[in-house]
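Given next are the chains, with one letter for each unit.
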Amino acid sequence: MSAPENQKPSLWAVGLMLFALFFGAGNLIFPAFLGQQAGSNWLSAMSGFLLTGAGLPLLGVIAIGYSGSRDVQDLASRVTPWYGVAFAAVLYLAIGPLFATPRTATVTFEIGVTPFIGPEHKTVALAIFSAFFFGVTYWLSISPGKLVDRIGKVLTPALLATIAVLVGYAAFNPMGELQAAQGGFADRPFVTGVLEGYQTMDALASLVFAIIVIDAARALGVRNRAQLLATTTVAGAVAAACLAVVYLLIGYMGATSVAGLGLQENGAAVLSKTAQHYFGMGGNVLLSAIVFLACLSTAVGLIISCSEYFNRLLPAISYKTFVVIFTLVSMAFANKGLSGIISISVPVLMLLYPLTVVIILLAFLNNWFGGSRVVYVCTIFATLVVGVLDAWKAAFSFAPETAALINSIFPLYDIGMGWLLPATAGFVLGLVLKTAIGKKD
């Protein structure tokens with residue numbers, strides 16, 4: 001049974017809401033920098049970037065709907081119940097109040113406010129701005145039932161309109177011809193683009209935001225599993241399509257900007273100088289509006305997702321109380337700056353990313369191997385070994401001899417894909433053990 005015809009516009013709004021939740025400052029910065037570095041190879045590099053920057057988030061959203069899981073904890077509990085709680089809690093905290101949420105305010109401040117103030121006023125200005133930013137975030141988060149109307153129907157169109165002004169103008173008025181590719185983009189642009197797409201961390205967020213989509217679908221009257229899967233698939237496809245279009249335009253803008261700006265040290269500089277090139281001081285205002293809308297919608301999605309999850313985990317504490325807690329914690333970290341947060345959080349994210357990709361893939365293969373717990377355990381454990389190494393590398397780095405040994409043991413480790421073959425081997429071992437046991441465990 002399909003959804004009533006008059007619900008289709010709302011379904012589109014859910015998809016636009018999901019796009020806005022995904023699209024933060026990093027989603028602007030990374031493709032702009034990729035375009036500059038890739039130059040004449042920008043299209044090949046962007047194809048790889050789209051695979052992991054838009055494709056994996058789409059798979060993550062669909063995986064929750066396909067699996068019939070209530071949330072990421074329910075899905076991860078297929079390994080073991082304690083693993084489900086641990087994985088979900090660390091995931092929510094890492095991409096929520098301990099890292100990504102405070103970053104939304106800090107990045108917005110650095111790009112949108114810092115150019116207009118002197119360095120002597122920065123500390124006070126950050127305190128005032130973060131209070132305003134998280135005040136708005138709190139107001140939008142306190143009533144999650146209104147999220148589709150507030151973000152899907154208001155913030156997202158405003159975000160897309162402001163982005164369209166900048167990237168659309170740049171697309172029709174390129175600064176110059178495409179230049180030579182740099183670094184890995186010269187030798188293997190597609191693979192390098194794939195790895196760059198990981199930096200958006202949207203595959204992690206997809207498991208968090210999927211529950212918002214499912215809640216929104218239920219508010220539309222969708223109840224059974226088939227309808228929920230269809231709804232999450234359509235919403236995810238709308239979000240992924242919007243991400244892909246915006247990424248392509250920003251990537252092209254970055255690729256054509258080298259002739260006019262030269263190579264820049266990061267994507268923020270590319271965006272800032274491109275906006276100034278085309279619109280002068282008005283360009284800074286336009287970019288500030290884009291970054292503010294992008295970061296605000298992401299902050300709201302993270303606060304809501306974290307609050308709803310921990311309210312289910314600890315029902316004695318109300319949803320609104322968790323919103324207050326996570327909003328205040330995020331604001332506090334934002335005022336302290338990101339250096340300390342990054343040193344703690346990046347290793348955690350490096351641990352979580354391969355585990356997230358693998359649990360998404362296992363969700364789709366679940367029916368094929370009969371949902372055998374031993375397959376989940378073997379695959380996740382093998383992935384976890386490499387994830388721990390990635391986390392240690394990010395936190396402390398390895399001595400050259402140790403790094404060489406690890407690279408020799410785990411093929412593709414040096415390009416960030418060391419988990420791939422161990423995960424595959426763990427999966428195969430799990431299938432062998434399942435057959436040997438002779439029954440679904």
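All of these numbers come straight from a predicted model, not from anything done at the bench.

**Student:** Looking at this structure, how should I read the pattern of salt bridges?
**Tutor:** A pair can form between side chains of opposite charge whenever their charged atoms are brought close. Within this structure, the stated rule accounts for 1 salt bridge. Across the pair D71 and R312 runs a salt bridge, and its minimum N-O distance is 3.0 Å. With D71 in the loop between α3 (42–67) and α4 (72–76) and R312 in helix α14 (residues 281–313), this residue pair connects regions lying 241 residues apart in the sequence. The class for R312 is partly exposed, based on a relative accessible area of 38%.

**Student:** How should the packing of aromatic side chains be read in this particular structure?
**Tutor:** Any two aromatic rings considered together are summarised by their centre-to-centre distance and by the angle between their planes. Scanning the model with the defined rule gives 24 aromatic pairs in all. For the ring pair F129 and F133, a centre distance of 5.9 Å and an interplane angle of 35 degrees mean the geometry is tilted. Of the two residues, F129 and F133 are both situated in helix α7 (residues 122–141); the distance of 4 residues between them amounts to about one turn of the helix. Here F133 falls in the buried class, since its relative accessible area comes to 0%. Here F133 and F134 contribute two aromatic rings whose centre-to-centre distance is 5.2 Å and whose plane-to-plane angle is 85 degrees, an arrangement assigned as edge-to-face. Per residue, the accessibility class of F133 equals that of F134, and both read buried. When the ring centre of F99 is taken as reference, the NZ or CZ atom of R103 above it lies at 5.0 Å.

**Student:** Before we go on, may I ask you to explain a nonpolar patch on the surface in this structure?
**Tutor:** A cluster of nonpolar residues, L51, F190 and V191, forms a patch on the protein surface that exposes about 250 Å² of accessible area. With respect to the helices, strands and loops of the structure, F190 is situated in helix α10 (residues 189–198). Residue class for F190 comes out partly exposed when judged on its relative accessible area of 37%.

**Student:** I'm lost on the environment of L362 in this one. Help?
**Tutor:** Tracing the backbone through its elements, the reader meets L362 in helix α16 (residues 339–365). Apart from the residues within four sequence positions on either side, L362 is in contact with F369, Y376, T379, I380 and F427.

**Student:** Can you walk me through the packing of helix α13 (residues 267–279) against α14 in this structure?
**Tutor:** Angle between the axes and distance between the axes: these two values describe a pair of packed helices. Between α13 and α14, whose axes approach to 6 Å, the crossing angle comes to 135 degrees. With respect to their mutual orientation, α13 and α14 come out oblique. Relative to α14, the crossing made by α13 is right-handed. Touching L271, S272, A275, Q276 and F279 of α13 are M281, G282, G283, N284, L286 and L287, all from α14.

**Student:** How should I be thinking about the environment of Y198 in this particular structure?
**Tutor:** With respect to the secondary-structure elements, Y198 resides in helix α10. Overall, the relative accessible area of 14% leaves Y198 in the buried class. For the pair Y198 and T52, spaced 146 residues apart in sequence, the C-alpha to C-alpha distance is 6.0 Å.

**Student:** I keep staring at unusual backbone geometry and nothing clicks. Help me out?
**Tutor:** Here S397, not a glycine, exhibits a phi torsion of approximately 70 degrees, which is positive. At L412, a residue that is not glycine, the phi angle is positive and equals roughly 75 degrees. The exposure class assigned to L412 is partly exposed, which follows from its relative accessible area of 38%.

**Student:** Help me understand the side chain of D202 in this model?
**Tutor:** Looking at the secondary structure, you find D202 in helix α11 (residues 202–219). Despite its burial, D202 remains without a salt bridge, the nearest opposite charge being carried by R103 at 7.4 Å. Of the polar contacts made by the side chain of D202, one reaches the side chain of N27; its length is 2.8 Å.

Rules and cut-offs
Residues numbered from 1 in each chain as written. Predicted model: local features only at pLDDT ≥ 70, side-chain atom pairs only at ≥ 80, totals over all residues. Heavy atoms only, no water. Salt bridge = Lys/Arg side-chain N within 4 Å of Asp/Glu carboxyl O. Helix = DSSP H or I, 4+ residues; strand = E, 2+ residues; numbered from the N terminus. Buried < 20%, exposed > 50% of the residue type's maximum accessible area, 1.4 Å probe, protein only. Phe/Tyr/Trp six-rings, centres within 6.5 Å; stacked < 30°, edge-to-face > 60°. Lys NZ or Arg CZ within 6 Å of the ring centre and 35° of its normal. Patch = residues over 30% accessible without salt bridge, like charges linked within 9 Å, V, L, I, M, F, W, Y side chains within 5 Å. Areas by Shrake-Rupley, 256 points an atom, 1.4 Å probe, with all protein chains shown as cover. Contact = heavy atoms within 4.5 Å. Axes fitted to C-alpha atoms, helices over the stretch in contact; angles between N-to-C directions. Parallel < 35°, antiparallel > 145°, perpendicular 65-115°, else oblique. Left-handed = near helix turned anticlockwise from the far one by under 90°. Lys, Arg positive; Asp, Glu negative; His and termini not counted. Polar contact = N/O pair within 3.5 Å; in protein donor to acceptor, adjacent residues only side chain to side chain.

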